[in-house]
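Architecture and fold: a report
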Amino acid sequence: MRRYAWRQAAIAGLALLLMAAVVRTAWTGARTVMVDAQLKDAGRWLRGRVLVLDPGHGGDDPGAVVRGTLEKHLVLEIGLTLKRLLEEQGATVVMTRDEDVDLGGPIREELGRRVALVGQHGAHVYVSIHANKDGCNCWGAQTFYQKDGMPAGQELALAIQNRLRKLTPTTRVALPANYFVLRTSPVAAAMVEVGFLTNAHEQGQLKDPAYQRTLATAMALGLADFFRSQVPEGRAEGGIGR
Ligand SMILES: [Zn+2]
């Protein structure tokens, strides 16, 4: 009798687990569909825009290296995912690198070549992508803008961070910083630190293609929000080139 009760409980437990998994899968699926629809809707603000995406480091410079994960690989994967999402919405994306290379020369010159692509392609914004490393076991994506830079840079960073807070677990806020690429960009510029490699849980997330897509989607939506906010009052319809 007692053994029978245990069996019943085990079956009930398994059934509950199965139900939870089904509900979770359905919820994740529904959420993906919802977010994809949002991105499609945001497409009109991205159409015709030219963006420079700059996955940090590359080649001899791995960036942060934590437990065998190299920042340069991770930010390239996320950058290429973002490029694909933006292009699907009709934007033109210029990558500073689309493989594991750097742009050559001493660091300042190398960074200068990355930013120079903005002028060469008439880009509307510049977005640098990095991953963080710290001794504090910190976590969460965070966007930076140039301190005392152009107001549009701050607006861009706030828009991206706002979407990151909605779609990823981060509770961080956009902050001013002083980085060469942000300081020298002739157009609105932001740097997204996608998360902390030093946090084991976040490192796992950052390596997961599904989470990479979530990060890229948040950035794409933030970019769309920024472009929408830049359209003068009374011209609520459409983005550029319509
Ligand atoms: Zn970096």
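The present account deals with the structure reproduced in this document.

1. Things to note about the state of the cysteines
Taken as a whole, this structure holds one disulfide when the rule is applied. Each sulfur of the disulfide joining C136 and C138 lies 1.9 Å from the other. Across the S-S bond linking C136 and C138, the dihedral sits near -130°, which makes this disulfide left-handed. Note on C136: relative accessible area 39%, which makes it partly exposed.

2. Notes on the sheet that holds strand β4 (residues 92-95)
Overall, mixed pairing links the six strands, which are arranged β4-β1-β5-β8-β6-β7 in an open sheet. Each edge of the sheet is formed by a strand with only one pairing partner; in this case those strands are β4 and β7 (175-177). Strand-to-strand, the axes of this sheet are offset by a mean angle of 30°, without reference to chain direction. Across four bridges, strand β1 (residues 50-55) lies against β4 in parallel orientation. Note that in β4 the partner of L51 across the bridge is V93. Across the face of the sheet, helix α4 (residues 151-167) comes into contact with β5 (125-132), β6 (142-146) and β8 (188-196) while running at roughly 30° to β8.

3. Re the packing of helix α6 (residues 200-207) against helix α7 (residues 209-230)
Relative to each other, α6 and α7 sit at 85°, their axes nearing to 5 Å. In this view, α6 runs roughly perpendicular relative to α7, as classed from their interaxial angle. Counting all contacts with α6, which are made through E202, Q205, L206 and K207, the residues of α7 involved are P209, Y211, Q212 and L215. For the contact of α6 with α7, the residue count by class is four nonpolar, two polar and two charged.

4. Things to note about the coordination of the zinc ion
The zinc ion binds to the protein through H57 (NE2), E71 (OE) and H130 (ND1), with metal-donor distances spanning 2.0 to 2.1 Å. All donor residues of the zinc ion come from one chain, and their arrangement in sequence is H-x13-E-x58-H. With E71 in helix α2 (residues 71-88) and H130 in strand β5, this residue pair connects regions lying 59 residues apart in the sequence. We classify H130 as buried; its relative accessible area is 15%.

5. What to know about unusual backbone geometry
Unusually for a residue other than glycine, R67 sits at a positive phi of about 45°. Accessibility expressed as a relative area gives 53% for R67, which makes it exposed. The phi dihedral of N137 is positive, around 55°, even though this residue is not glycine. Checked against the element boundaries, N137 lands in the loop between β5 and β6.

6. Observations concerning the environment of F226
By secondary structure assignment, the location of F226 is in helix α7. Its relative accessible area of 4% is what places F226 among the buried residues. Measuring from C-alpha to C-alpha, the distance between F226 and D36 comes to 18 Å, with 190 residues separating the pair along the chain. Excluding residues that lie within four positions of it along the chain, F226 makes contacts with V125, A152, E155, L156, A159 and A188.

7. Points about the nonpolar core
Grouped together as the largest cluster of nonpolar side chains are 50 residues, with contacts concentrated most on L86, V125, V194, L215 and L223. Contributing elements (two or more residues each) for this core: α1 (2-46), β1, α2, β4, β5, α4, β8 and α7. Formed by 15 residues, the second largest nonpolar core is a distinct cluster that contains V52, V115, L117 and V118.

8. Focus: the pattern of salt bridges
Applying the stated rule across the entire model yields ten salt bridges. One salt bridge connects R114 with D54, and the closest N-O pair in it is separated by 2.7 Å. Of the two residues, R114 is situated in helix α3 (residues 107-121) and D54 in strand β1; the sequence distance between them amounts to 60 residues. Look at D54 and you get buried, because its relative accessible area is 2%.

What counts and how
- Residues numbered from 1 in each chain as written.
- Predicted model: local features only at pLDDT ≥ 70, side-chain atom pairs only at ≥ 80, totals over all residues.
- Heavy atoms only, no water.
- Disulfide = S-S within 2.5 Å.
- Buried < 20%, exposed > 50% of the residue type's maximum accessible area, 1.4 Å probe, protein only.
- Pairing = 2+ DSSP bridges.
- Helix = DSSP H or I, 4+ residues; strand = E, 2+ residues; numbered from the N terminus.
- Axes fitted to C-alpha atoms, helices over the stretch in contact; angles between N-to-C directions.
- Contact = heavy atoms within 4.5 Å.
- Parallel < 35°, antiparallel > 145°, perpendicular 65-115°, else oblique.
- Nonpolar A, V, L, I, M, F, W, Y, C, P; charged D, E, K, R; others polar.
- Donors = N, O, S within 2.8 Å, 3.2 Å for Na, K, Ca; no water.
- Core = buried A, V, L, I, M, F, W, Y, C linked by side-chain atoms within 4.5 Å.
- Salt bridge = Lys/Arg side-chain N within 4 Å of Asp/Glu carboxyl O.

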